[in-house]
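Observations on the three-dimensional arrangement
Residue-level listing of the chains:
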Amino acid sequence: MYSGKARAYTNIALIKYWGKENQELIIPMNNSLSLTLDAFYTETEVTFSKELKEDQFYLDNQWQDSKATLKVSRFLDFVRSKTDSSLRAVVKSKNFVPTAAGLASSASGLAALAGAASDALNLNLTPEELSRLARRGSGSACRSIYGGFAEWQKGYSDETSYAVQIPSSDFENDLSMIFVVVNDAQKDISSRDGMQRTVETSAFYDGWLQTVPQDLAKAKKAIKEKDFIALGEVSESSALKMHGTTLAATPPFTYWSAESMKVMNLVRQIRNGGLPCYFTMDAGPNVKLLVERKNEAALLSAMSAHLDAKQLVVAHAGPAIEILSK
Ligand SMILES: O=C(O)C[C@@](O)(CF)CCOP(=O)(O)OP(=O)(O)O
């Protein structure tokens, strides 16, 4: 029996990953940049054993059926192919997210899985190698190997596509991210399906892609100069352009609900009132607010005048993946 355990934190992209150049290898169309957060993390334990006839996946102590297990078992197949092993595994994952629903991320889950599996098999991977491995589970997971700011360098092959830490002289600790949990969530299209449909059919996709390199450069410059306004502006713009591509897909779709729009307009209103704050969104209706830590309380009170305080979850910069003693 070989077992391993890891804890990995979620990350939110400021410059979005939205589309694959290679589905099988999960090579993205563009580089992306994220902030790892402390509020949500996944702890995963993996035990490979020759006694097992098939992989078993438990999430928060609930056995998961084959559909829910798809990303996990595909990832384990990949690990087995890399290590010439045929051993099946029991995977036990626990998501540590505040009560608010829908905040767990596949990024922390697949990153924790990669960490636990490599620990179980004593692969002793470098962060770059672990990032490359996690990418095969889920693209955004490759960024959760690092704390603070990370850049996923798209590369052009399995070997060259992985994330690296962005030096930031602690700027991440000047920031807060407030998750606004939106309750009118309709059944979402998964990020994997949403980006595939967009790449294949959206008239706006190329326009989005052309703007990414300059946005990435702006974001890295803003981090280097600790320029919050510049980072907020380029992050909000990146999210809006990414989501704009879905409207021109066939069939068109959007992750924005009526409440999402209300929150976005509220952020603009508060910003125009003089409090620097920006928003970003991913493959769901929840809205993530970016604000300087010194203005976190002011933004929280401005938002709670319009929203139920239970919908607001505060996060700060989070650490790198942790391999936990078995
Ligand atoms: O995180 C970002 O950069 C932007 C998104 O969150 C926007 F929704 C996409 C994340 O996609 P992911 O779940 O990693 O897809 P996979 O590679 O098909 O598993």
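See above for the structure.
All values derive from a computational prediction rather than experimental measurement. Per chain, residues are indexed from 1 in the order of the written sequence. Residues qualify for local features only when their pLDDT is at least 70, as the model is predicted, and side-chain atom pairs are given and counted only at 80 or more; totals for whole chains, interfaces and linings, by contrast, use all residues. Excluding hydrogens and water, the side-chain values take into account all heavy atoms of the structure.

1. Re the packing of helix α2 (residues 106–120) against helix α3 (residues 127–135)
- Every axis corresponds to a line fitted to the C-alpha atoms, with the helix fit spanning only the stretch in contact, and the corresponding angles, defined between N-to-C directions, vary from 0 to 180 degrees. Helix and strand definitions here come from DSSP, where helices need a minimum of 4 consecutive H or I residues and strands a minimum of 2 consecutive E residues; each element is numbered from the N-terminal end. Here α2 crosses α3 at 120°, and the two axes come no closer than 9 Å. With respect to their mutual orientation, α2 and α3 come out oblique. The handedness of the crossing between α2 and α3 is right-handed. Across from A111, A114, G115 and S118 in α2, the residues of α3 making contact are L130, L133 and A134. Angles are sorted into four bins: roughly parallel if under 35 degrees, roughly antiparallel if over 145, roughly perpendicular if 65 to 115, and oblique for all others. In this scheme, a crossing is called left-handed if the near helix is turned counterclockwise away from the far one by less than a right angle; it is called right-handed if the turn is clockwise. Residue contacts are defined here by distance: any two heavy atoms, one from each residue, within 4.5 Å place the two residues in contact.

2. A short note on the environment of M303
- Examined against the element boundaries, M303 turns out to sit in helix α8 (residues 296–304).
- The exposure class of M303 is buried, given its relative accessible area of 0%.
- On a C-alpha basis, the gap between M303 and R268 in space is 12 Å, while along the polypeptide they are 35 residues apart.
- Those residues in contact with M303 that lie beyond four places of it in its chain are V180, V263, L266, I270, L289 and L312. Only protein chains enter the accessibility calculation, which uses a 1.4 Å probe; a residue is then buried when its area is under 20% of its type maximum, exposed when over 50%, and partly exposed in between.

3. A word on the site of the ligand
- Consider each residue's heavy atoms; a residue with any of them within 4 Å of a molecule or strand counts as near. The immediate surroundings of the ligand are formed by 18 residues, with Y17, K20, S138, S140 and R192 found nearest.
- Contact between the ligand and Y17: an oxygen atom at 2.6 Å from a side-chain N or O atom of the residue.
- Take G139: an N or O atom from its main chain is 2.8 Å from an oxygen atom of the ligand.
- Accessibility throughout is a Shrake-Rupley quantity obtained with a 1.4 Å probe, and a residue counts as covered only by protein chains that appear here. Compared with its free state, where it exposes 470 Å², the ligand has 95% of that area covered by protein. Between N or O atoms, a polar contact is any pair within 3.5 Å; within protein, one atom must be a potential hydrogen donor and the other a potential acceptor, and residues adjacent in sequence are included only when both atoms are from side chains.

4. A closer look at the nonpolar core
- Judged by nonpolar contacts, the single largest core of 72 residues is most densely connected at W18, L33, F48, F149, F179 and L231.
- When residues in this core are grouped by element, the largest group, 8 residues, is from α2.
- Not counting residues up to four positions away in its chain, the partners in contact with F48 are M1, Y2, L76, V79, R80, L87, R88, A89, A117, A120 and L121.
- The nonpolar core is taken to be a set of buried Ala, Val, Leu, Ile, Met, Phe, Trp, Tyr and Cys residues, with the residues joined through side-chain atoms within 4.5 Å. Counting residues in each nonpolar core, the second largest holds 19 residues, with I178, L275, C277 and L289 among its members.

5. Points about the sheet that holds strand β10 (residues 175–180)
- For two strands to pair, DSSP has to find at least two bridges joining them. The 4 strands lie next to each other as β11-β12-β10-β13, forming an open sheet whose pairing is antiparallel. The open sheet has two edge strands, β11 (277–281) and β13 (312–315), and neither has a second partner. Strand after strand, the sheet turns through a mean of 25° between neighbouring axes, direction not considered.
- Relative to strand β12 (residues 287–292), β11 runs antiparallel, the two sharing 5 bridges. Residue pairing in the sheet places C277 in a bridge with V291 of β12.
- The strands that helix α6 (residues 228–247) touches are β10, β11 and β12; relative to β11, the one it contacts most, it runs at about 30°.
- Seen against the sheet, helix α7 (residues 258–272) touches β10, β11 and β12 and runs at an angle of roughly 160° to β11.

6. Focus on the side chain of S168
- With respect to the helices, strands and loops of the structure, S168 is situated in the loop between β9 (162–165) and β10.
- You can call S168 buried: its relative accessible area is 10%.
- Polar side-chain contacts of S168 include one of 2.5 Å to the side chain of E172.
- If we ignore the near neighbours within four places in the chain, the residues touching S168 are F149, I223 and K226.

7. Structural notes on the pattern of salt bridges
- A pair is scored as a salt bridge if a Lys or Arg side-chain nitrogen falls within 4 Å of a carboxyl oxygen belonging to Asp or Glu. Applying the stated criterion to the full structure yields 18 salt bridges.
- With its nearest N and O atoms 3.8 Å apart, the salt bridge here joins E159 to R132. In this pair, E159 is assigned in the loop between β8 (149–153) and β9 and R132 in helix α3, connecting sequence segments 27 residues apart.
- Overall, E159 belongs to the exposed group, its relative accessible area being 52%.
- Judged by its relative accessible area of 10%, R132 is buried.
- Shared partners join several salt bridges into a network, and the residues in it are E24, R135, R136 and D158.

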